[in-house]
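Residue strings, one per chain:
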Amino acid sequence: MSEVTEMLEHAEHAGHGGHDGGGHGKGIAKYVGITMAVLGVLLALASAFVGGTRTDLISTMVKQTNVAMRYQATATKFRMLQANLLQLNALLPGDAAAFGKLEGDLHAAEGALTTPEAQNTAKVVRSFHDQLFMTVVPTSSDLHAFVTLARSYKEEAKAAQQWQESYDEAIEAYEEAGEHYEWGMLAAEIGIVIASIALLLSSKPAWLVAIALGGVCIVSLVVTNIQTRGTLRKTNDEIAESAKNYSEKAAEDKAEKADEELFDGAPKAAEAVEKGLAAANGGAQK
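These numbers were taken from a predicted model, which means no experiment stands behind them. (Residues numbered from 1 in each chain as written. Predicted model: local features only at pLDDT ≥ 70, side-chain atom pairs only at ≥ 80, totals over all residues. Heavy atoms only, no water.)

Draft legend 1. The arrangement of the pattern of salt bridges in detail. All chains considered together, the criterion is met by 2 salt bridges. Of the charged contacts, one joins Arg54 and Glu182 as a salt bridge, the two residues approaching to 2.2 Å between their closest N and O atoms. Placement of the pair is Arg54 in helix H2 (residues 23–91) and Glu182 in helix H6 (residues 168–201), with a sequence separation of 128 residues. For Glu182, a relative accessible area of 33% corresponds to the partly exposed category. In this structure, Glu169 and Lys234 form a salt bridge, with 3.2 Å as the shortest nitrogen-oxygen distance. (Salt bridge = Lys/Arg side-chain N within 4 Å of Asp/Glu carboxyl O. Helix = DSSP H or I, 4+ residues; strand = E, 2+ residues; numbered from the N terminus. Buried < 20%, exposed > 50% of the residue type's maximum accessible area, 1.4 Å probe, protein only.)

Draft legend 2. Spatial organisation of the side chain of Thr60. Mapped onto the elements of the fold, Thr60 is located in helix H2. Not counting the four nearest positions on each side in its chain, Thr60 is found in contact with Tyr167, Ala170, Ile171 and Tyr174. (Contact = heavy atoms within 4.5 Å.)

Draft legend 3. Quick peek at the packing of aromatic side chains. If you walk through the whole model with that rule in mind, you get 3 aromatic pairs. Between Tyr31 and Trp207, the aromatic rings sit 6.0 Å apart at their centres with planes inclined by 25°, giving stacked as the arrangement. On the criterion of sequence distance, the pair formed by Tyr31 in helix H2 and Trp207 in helix H7 (residues 204–249) is long-range, its members being 176 residues apart. Taken together, a centroid distance of 5.3 Å and an interplanar angle of 40° make the contact between Trp163 and Tyr246 tilted. Placement of the pair is Trp163 in helix H5 (residues 140–165) and Tyr246 in helix H7, with a sequence separation of 83 residues. For Tyr246, a relative accessible area of 8% puts it in the buried group. Here the basic side chain of Lys30 rests over the ring of Tyr31, its NZ or CZ set 5.2 Å away from the ring centre. (Phe/Tyr/Trp six-rings, centres within 6.5 Å; stacked < 30°, edge-to-face > 60°. Lys NZ or Arg CZ within 6 Å of the ring centre and 35° of its normal.)

Draft legend 4. The arrangement of unusual backbone geometry in detail. We note that Ser202 has phi near 55°; this positive angle belongs to a residue other than glycine. Of note, Ser202 is situated in the loop between H6 and H7.

Draft legend 5. View of the side chain of Glu156. Note that Glu156 resides in helix H5. Within the structure, Glu156 has its side chain in polar contact with the side chain of Thr74 (distance 3.4 Å). (Polar contact = N/O pair within 3.5 Å; in protein donor to acceptor, adjacent residues only side chain to side chain.)

Draft legend 6. Representation of the packing of H5 against H7. At their nearest, the axes of H5 and H7 sit 9 Å apart, and the two run at 170° to each other. With respect to H7, the axis of H5 lies roughly antiparallel. Relative to H7, H5 is oriented so that their crossing is left-handed. Listed contacts from H7 to Ser152, Glu155, Glu156, Ala159, Ala160, Gln162 and Trp163 of H5 are Ile239, Ser242, Ala243, Asn245, Tyr246 and Lys249. Classifying every residue of the contact of H5 with H7 gives 6 nonpolar, 4 polar and 3 charged. (Axes fitted to C-alpha atoms, helices over the stretch in contact; angles between N-to-C directions. Parallel < 35°, antiparallel > 145°, perpendicular 65-115°, else oblique. Left-handed = near helix turned anticlockwise from the far one by under 90°. Nonpolar A, V, L, I, M, F, W, Y, C, P; charged D, E, K, R; others polar.)

Draft legend 7. Here's a closer look at H7. With 46 residues, H7 ought to run about 68 Å at 1.5 Å a step, and its terminal C-alpha atoms sit 67 Å apart, in line with that. At the N-terminal boundary of H7, the capping side chain belongs to Ser203, with an oxygen 3.4 Å from the backbone nitrogen of Ala206. (Expected span 1.5 Å × (residues − 1).)

Draft legend 8. Up close: the nonpolar core. Val32, Met36, Leu39, Ala195 and Cys217 are the most contacted members of the largest nonpolar core, which totals 24 residues. Secondary-structure elements contributing two or more residues to this core are H2, H6 and H7. (Core = buried A, V, L, I, M, F, W, Y, C linked by side-chain atoms within 4.5 Å.)

As structure tokens, then:
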């Protein structure tokens, strides 16, 4: 606004000078003053475009950062589940054939026992062995649950990464648009300076140069706005599609279901063990 005010003051002074210098000076002063006013409006418009583009750029970068944080969190969960799955897999017998042969030898040794006392002792040992084995070696249902949840988090991490990358083109479009709007802003500023010179010197060539710079500013604003809108329309569709794909792949519902099953099952299993131990101790005391 200060630039426009200064421009109008120059126009007023030039108008007074035009009365002294003749009709030609007065006529060009009027047109140069109008040109300066138009250039001032173009400058304000270009400045508004630059400010709006920078605001949209910051907003888009913040959204991308939030998605990146989701990706990092999901990827961390997946790696933790993968590490737990590796630990469970390490607890499984390494040589299934040798393990089966050992079990067969134990059963054969149990079958060779003849006295009732030895057979009863063998049953107790076998039962204790099976219970201890099941507490150390993971069951197939546990492994299936870990694998299912890990795969869900893996798919979610891929979807989050795709969602994050979908913002890149939009950010690039905002950066390029801001730069081009600044070019138009610069053209308007230079045009105002040259128009001021034309006003002071009553120079028609300088006035024409100022008009040309105003045209450059208009073309820059219009072309940049059209190109940016077209690019953002496509990128916004891609972002929305990626966000929808992420929502479909999100494993939070599956994880919550697994948590509820664990919350319900763990206390019940502990209660069953405690009841079994209490019953066994009671029978032993009798």
